[in-house]
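The lines below spell out each chain.
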Amino acid sequence: MIKRILTVLLLFPTLVYAQINTERVMTIARNALYFEDYVLSIQYFNQVINARPYLYEPYFFRALAKINLEDFQGAEADCDAAIQRNPFVVGAYQIRGLARIRQSKFDGAIEDYKQALHYDPENISLWHNLTLSHMQKKDYDAARDDLESLMKVAPRYTRAYLMRGEVFLQQKDTIAALSDFNKALELDKYDPDAWAARAIVQLQQEKYAEAESDFDRAIHLSAKNAGNYINRALARFHQNNLRGAMSDYDLALDIDPNNFIGHYNRGLLRARVGDDNRAIEDFDFVVQMEPDNMMAVFNRGLLRAQIGDYHGAIQDYTTVIDQYPNFLAGYYQRSEARKKIGDRKGAEQDEFKVIKAQLDKHNGVVSKDVAQNKGEEDKDTEDKTRKKSDKNMNNYRKIVIADDSETDQRYTSDYRGRVQDKNVNIKLEPLFALTYYEKMSDVKRSVNFHKFIDDMNRSGILPKRLLITNMESPLSEEQVKFHFALIDTHTSAIVEDDKSAAKRFARAIDFYLVQDFSSAVSDLTQSILLDEKFFPAYFMRALIRCKQLEYLKAEQANDSDLPGGNTTKEIGAVDYEIVKKDLDKVISLAPDFVYAYYNRANISAMLKDYRAAMADYDKAIELNPDFADAYFNRGLTHIFLGNNKLGISDLSKAGELGIVSAYNVIKRFTEQSE
């Protein structure tokens, strides 16, 4: 999470501490944080805090780790400590603002963002989240002032126009809102939120066909947003396209199975087309979520009667009548159900209640509750929808729409810091590594295999099974302790036998897992000196050196923005030559090790040497025709070279093989009719 904040805030110049060990631990900790190994990074920051409690940096970086782990209270406390030690660090106010927002402490967040902007008045993220905080407090005038300042700093920042449009909607200025949404689309026609925002205005204006068209575009660009399907269903419903609306509710519930509106409205539509049993399932779900939702209970009662479950129907009608003793439709339906089961006395009592109410109405004597219900029913009769908060029982057949308070949440995801990364972040699939852990994936891909690595695993020379993966998993607290202990064990084994390349390699893997890259490279180099044909050591040394360069490059990019600029040599193609040489060696020793070609291709693509990258991706796919990651990256490389058709073909194959994000990229680069 918040990778952009990591690159902007994390990488301040390393301080020279009194003891080299403290500096080394701090470097390893920041390295772990940069590569999103948050639990491990906290362990290292704790060591620095214990050794140098007067420094602000370990508190600040530990706060950043905690906010990624959603420990917002702990992150706020660490930012307090960092600010006490150095009140001029913009990042500390920014992270504390995020932590406070996540705890709904909007006043405190506003104070933090204002203080941070005092030091960094052109920071887009600060203006963005300050605006969102004011919007949460419904201080729309202040939000508009924030946005005016933001637009001066970044006149082409699409999010600013979307937020101002939202503010205008809250202030009932639909025309101004529509103008801002149109401007956002003019700036970025690939922003799904801009299409969805304009579509919502068109729904309010009852331009249902236009709204559906805009939701089509939003869904085309962001296929996993349940809200867009829910809203498109509403546009289709108003055009009497019930099947289309029901299909959208199905899709929305596939993405968000607990969506209340999706289940309630799908239940209504299923009832309309005679799909009674499945409609009951939807209302069962709603009642389970909200046992006091009497409209869902009443609808379920109607459906139970429809399928002959009269006892169940009577139970539901009674539940509603107990809550709304003047709801005449409840008495009428219960009387009909009681007749079906032979309860004549009960049916007559219910009928008498209905007849008495009708006579009272004829004579001008109507109970307060009945009068209120009737008045609202008359007022709302022509409406096909009701707000979710509407409790008028006479509207039980109406389609539900979200309350205004729920639509306010459209931009809250921006709080997490990725304010400039709303569309799919188009980047290469990552490098492969040899490690013991990998992330679980919802989509099963093929198992990565190589005979030499499999033989190593069977030999038992490593403490755990070595995996070939590019979905590395950060370590848990228990795993961190385990691998620190293993380092000690391996060290003892190396003292006893300092000529074993495998033992050096085993310890290098542990150093790598605890993010001590320098020690890992040292052990891998020793392993190579002991056995120059041991290709896994070359492969891992190349990977680790590449990660070190990635970190240094990000650090230098940040340093160049600081006062005084950056005086060190920039990381360039020459620095990657040592990485590529190791991969060249792997390929010469193990020409069937497909992951070396893939990693070398990634390095070439990173350096914009797309022709060389293409050759290696081709070779990787030749060796493994089901190599999904190679297809994905080759597809992107084709696109970088302007060959969209070939690129989309490769991305399609990658999607077929399990890389789901490929489909979103395809949508971005498929020509669309305007």
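Residues numbered from 1 in each chain as written. Predicted model: local features only at pLDDT ≥ 70, side-chain atom pairs only at ≥ 80, totals over all residues. Heavy atoms only, no water.

**As for the pattern of salt bridges**
Next up, step 1: Tallied over the entire structure, the rule returns 46 salt bridges.
Next up, step 2: The residue Asp193 makes a salt bridge to Arg159 at a minimum N-O spacing of 3.0 Å. Remark: Arg159 occurs in helix 10 (residues 158–170) and Asp193 occurs in helix 12 (residues 192–204); sequence separation between them is 34 residues. Residues Asp193 and Arg159 agree in their burial class; the two are buried.
Next up, step 3: Residue Asp343 is joined to Arg338 by a salt bridge in which the shortest nitrogen-to-oxygen separation is 3.7 Å.
Next up, step 4: You can call Asp343 partly exposed: its relative accessible area is 29%.
Next up, step 5: Linked by salt bridges that have partners in common, Glu76, Asp80, Arg96, Arg100, Lys105 and Asp112 make up one network. (Salt bridge = Lys/Arg side-chain N within 4 Å of Asp/Glu carboxyl O. Helix = DSSP H or I, 4+ residues; strand = E, 2+ residues; numbered from the N terminus. Buried < 20%, exposed > 50% of the residue type's maximum accessible area, 1.4 Å probe, protein only.)

**Remarks on the side chain of Asp616**
Next up, step 1: Structurally, Asp616 is set in helix 31 (residues 610–623).
Next up, step 2: Setting aside chain neighbours within four positions, we find Asp616 in contact with Tyr597, Arg600 and Ala601. (Contact = heavy atoms within 4.5 Å.)

**Section: helix 7 (residues 106–119)**
Next up, step 1: When the terminal C-alpha atoms of helix 7 are compared, their 20 Å separation across 14 residues agrees well with the 20 Å that a helix rising 1.5 Å per residue should span.
Next up, step 2: Along helix 7, the residues that are buried comprise Phe106, Gly108, Ala109, Ile110, Asp112, Tyr113, Ala116 and Leu117.
Next up, step 3: Next to the buried residues of helix 7 lie helix 6 (90–102) and helix 8 (124–136). (Expected span 1.5 Å × (residues − 1).)

**Focus: the confidence of the model for the protein chain**
Next up, step 1: The predicted model of the protein chain averages 88 in pLDDT, with 88% of residues at 70 or higher.
Next up, step 2: Counting contacts from residues 8–20, a segment whose pLDDT is below 50, to residues more than four positions away or on other chains yields 43 contacts.
Next up, step 3: Segment residues 405–424: pLDDT under 50, and 61 contacts once partners within four positions in sequence are set aside and those in other chains are kept. (pLDDT = per-residue confidence, 0-100.)

**A few points about the environment of Asp120**
Next up, step 1: In this structure, Asp120 sits in the loop between helix 7 and helix 8.
Next up, step 2: A sequence separation of 29 residues divides Asp120 from Gly91, and the C-alpha atoms of the two residues are 9.9 Å apart.
Next up, step 3: If near-sequence neighbours (up to four positions away) are discounted, Asp120 is found in contact with Val90 and Leu126.

**Examining the packing of helix 4 (residues 57–68) against helix 6**
Next up, step 1: With their axes 10 Å apart at the nearest point, helix 4 and helix 6 run at an angle of 30° to one another. Between helix 4 and helix 6, the angle falls in the class roughly parallel. The chirality of how helix 4 crosses helix 6 is left-handed. Counting all contacts with helix 4, which are made through Phe60, Ala63, Leu64 and Ile67, the residues of helix 6 involved are Gly91, Ala92, Ile95, Leu98 and Ala99. (Axes fitted to C-alpha atoms, helices over the stretch in contact; angles between N-to-C directions. Parallel < 35°, antiparallel > 145°, perpendicular 65-115°, else oblique. Left-handed = near helix turned anticlockwise from the far one by under 90°.)

**Re the packing of helix 16 (residues 260–272) against helix 18 (residues 294–306)**
When two helices pack together, you describe them by how their axes are tilted relative to each other and by the distance separating the axes.
Next up, step 1: Across the interface, helix 16 lies against helix 18 with an axial gap of 11 Å and an inter-helix angle of 25°. What the angle tells us is that helix 16 and helix 18 run roughly parallel. Of the two elements, helix 16 crosses helix 18, and the hand of that crossing is left-handed. Taking contact as the criterion, the partners of Tyr264, Leu268 and Ala271 in helix 16 are, on helix 18, Met295, Ala296, Asn299 and Leu303.
Next up, step 2: Of the residues in the contact of helix 16 with helix 18, the class split is six nonpolar, one polar and no charged. (Nonpolar A, V, L, I, M, F, W, Y, C, P; charged D, E, K, R; others polar.)

**Focus: helix 3 (residues 38–51)**
Next up, step 1: Between the first and last C-alpha of helix 3 there are 20 Å, a value that for 14 residues agrees with the 20 Å anticipated at 1.5 Å per step.
Next up, step 2: All of the buried residues along helix 3 are Tyr38, Leu40, Ser41, Ile42, Tyr44, Phe45, Val48 and Ile49.

**Side note on the nonpolar core**
Next up, step 1: Residues Tyr264, Phe505, Phe539, Met540 and Phe593 are the most contacted members of the largest nonpolar core, which totals 199 residues.
Next up, step 2: In terms of residue count, the dominant contributor to this core is helix 28 (residues 535–559) (12 residues).
Next up, step 3: Those residues in contact with Phe505, other than ones at most four positions away along the chain, are Leu434, Met456, Leu462, Leu466, Leu524, Ser527, Phe534, Pro536, Ala537 and Met540. (Core = buried A, V, L, I, M, F, W, Y, C linked by side-chain atoms within 4.5 Å.)

**A word on the packing of aromatic side chains**
Next up, step 1: All chains considered together, the criterion is met by 29 aromatic pairs.
Next up, step 2: Look at Phe45 and Phe61: their rings are 6.0 Å apart centre to centre, the planes differ by 20°, and that puts the pair in the stacked class. Placement of the pair is Phe45 in helix 3 and Phe61 in helix 4, with a sequence separation of 16 residues. Taken as a pair, Phe45 and Phe61 share a single burial class, namely buried.
Next up, step 3: Judged by centre distance (6.3 Å) and plane angle (80°), the ring pair of Phe327 and Tyr396 falls under edge-to-face. Of this pair, Phe327 sits in the loop between helix 19 (310–323) and helix 20 (328–340) while Tyr396 sits in the loop between strand 1 (385–387) and strand 2 (399–401), and the two are 69 residues apart along the sequence.
Next up, step 4: Every member of this aromatic cluster is reached through a ring pair, and the members are Phe432, Phe452, Phe505, Phe534, Phe535, Phe539, Phe593, Tyr595, Tyr598, Tyr617 and Phe627.
Next up, step 5: Taking NZ or CZ as reference, Lys388 lies 4.5 Å from the ring centre of Phe260, over its face.
Next up, step 6: The lysine or arginine in question, Lys547, covers the ring of Phe35, its NZ or CZ lying 5.1 Å from the ring centre. (Phe/Tyr/Trp six-rings, centres within 6.5 Å; stacked < 30°, edge-to-face > 60°. Lys NZ or Arg CZ within 6 Å of the ring centre and 35° of its normal.)

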